[in-house]
Amino acid sequence: MKTGVLVHGCNLHIENWRYVAWGDPPHHLGRIPQGILTALEFDASVIVFGTGASEKVFNLGESEKAGQLLAEGEYSLEYLKSHFAELANFAPLKPHFEKHGVDHLAEWVLSRLELDLESMNTLEEIRNGGLIFGRHEVERIVLVSSPSHIVRCLRDAASIFRNEAHLKDVGFRIFANPSYTCYEG
């Protein structure tokens, strides 16, 4: 069964973006590491980094995008690329790195990753993810977001994929996998 993983974007201007999006090794996986772990465990055909309305100049690590204003999804991708080897510091991901190595895993993840750079909110993020998953003939979708957001994501996805004419006949099976991390408070 072909699986797609939608890693929901995170507002780039919250005080604890790095913690929510990345987490704190070895056990507190943020949205990005949880999404990568989910993709590996389900052998995902496609991974979508969603986006929202926020943008920020990327100035972390070495990147060809350094100094550019990036939307949430692209910012998350650049963060992942510049910190990829650090994923091995997360206990659940460590065995994958030991078995396959950082270069193989990076190639595997990046070859499956697509960005949604158009969405402005969660509903649009789910719709656009659904269109990408449809192009890849995905049958099972796993949503990844913070525990405080994942219930809304699942509710909205169920409504969208069952009621909107262009998506309701795709037949997605929808699952949710929360990260460990949440917004402050």
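Right, let's walk through the structure included here. (Residues numbered from 1 in each chain as written. Predicted model: local features only at pLDDT ≥ 70, side-chain atom pairs only at ≥ 80, totals over all residues. Heavy atoms only, no water.)

Comments concerning the packing of aromatic side chains
Tallied over the entire structure, the rule returns eight aromatic pairs. An aromatic cluster of at least three residues, connected via ring pairs, comprises Trp 17, Trp 22, Phe 58, Tyr 75, Tyr 79 and Phe 90. (Phe/Tyr/Trp six-rings, centres within 6.5 Å; stacked < 30°, edge-to-face > 60°.)

Concerning the environment of Leu 117
The residue Leu 117 is located in the loop between β7 (113–115) and α6 (122–135) in this model. For the pair formed by Leu 117 and Asn 128, sequence separation is eleven residues and the distance between their alpha carbons is 9.3 Å. Residues within four places of Leu 117 in sequence aside, it is in contact with Thr 51, Ala 71 and Glu 74. (Helix = DSSP H or I, 4+ residues; strand = E, 2+ residues; numbered from the N terminus. Contact = heavy atoms within 4.5 Å.)

Section: the packing of α6 against helix α7 (residues 147–163)
Relative orientation of the contacting elements α6 and α7 amounts to 55°, with a least axis distance of 10 Å. Here α6 lies oblique to α7, going by the angle between them. The interaxial crossing formed by α6 with α7 has right-handed handedness. Along its contact with α6, which presents Thr 122, Leu 123, Ile 126, Arg 127 and Gly 130, the element α7 presents His 149, Arg 152, Cys 153, Asp 156, Ala 157, Ile 160 and Phe 161. Residue classes in the contact of α6 with α7 are distributed as six nonpolar, three polar and three charged. (Axes fitted to C-alpha atoms, helices over the stretch in contact; angles between N-to-C directions. Parallel < 35°, antiparallel > 145°, perpendicular 65-115°, else oblique. Left-handed = near helix turned anticlockwise from the far one by under 90°. Nonpolar A, V, L, I, M, F, W, Y, C, P; charged D, E, K, R; others polar.)

Regarding the pattern of salt bridges
The final tally for this structure, using the stated rule, is six salt bridges. Measuring nitrogen to oxygen at the nearest pair gives 3.9 Å for the salt bridge that ties Asp 156 to Arg 152. Here Asp 156 pairs with Arg 152, and both are found in helix α7, just four residues apart, close to one helical turn. With a relative accessible area of 39%, Arg 152 lands in the partly exposed category. Here Asp 156 ties to Arg 155 by a salt bridge, and the two come within 2.9 Å at their closest N and O atoms. Residue class for Asp 156 comes out buried when judged on its relative accessible area of 9%. By relative accessible area, Arg 155 is classed as exposed at 53%. Within this structure, Arg 152, Arg 155 and Asp 156 form a network of salt bridges that share partners. (Salt bridge = Lys/Arg side-chain N within 4 Å of Asp/Glu carboxyl O. Buried < 20%, exposed > 50% of the residue type's maximum accessible area, 1.4 Å probe, protein only.)

Some details on helix α3 (residues 72–83)
For the α-helix, the turn length of 3.6 residues means that residues three or four positions removed from each other point alike. Here α3 contains twelve residues, and its C-alpha end-to-end distance of 16 Å stays within 8% of the 16 Å for a straight helix at 1.5 Å per residue. Listed as buried for α3 are Glu 72, Gly 73, Glu 74, Tyr 75, Ser 76, Leu 77, Glu 78, Tyr 79, Leu 80 and His 83. (Expected span 1.5 Å × (residues − 1).)

Re the side chain of Gln 34
Tracing the chain through its elements places Gln 34 in helix α2 (residues 31–41). When sequence neighbours within four positions are dropped, the list of residues in contact with Gln 34 reads Leu 29, Val 144, Asn 177, Pro 178 and Ser 179.

Let's talk about unusual backbone geometry
Between Pro 25 and Pro 26 the backbone carries a cis peptide bond, its omega angle lying at 10°. Topologically, Pro 26 is positioned in the loop between β2 (23–24) and β3 (28–29). The phi torsion at Asp 43 lies on the positive side, around 50°, for a residue other than glycine. Looking at the secondary structure, you find Asp 43 in the loop between α2 and β4 (46–49). Phi is positive for Glu 137, close to 55°, though the residue is something other than glycine. Its place among the elements puts Glu 137 in the loop between α6 and β8 (140–145).

Things to note about the environment of Val 170
You can see Val 170 is positioned in the loop between α7 and β9 (173–178). Overall, Val 170 belongs to the partly exposed group, its relative accessible area being 34%.

Nothing here speaks to function; it is geometry throughout.
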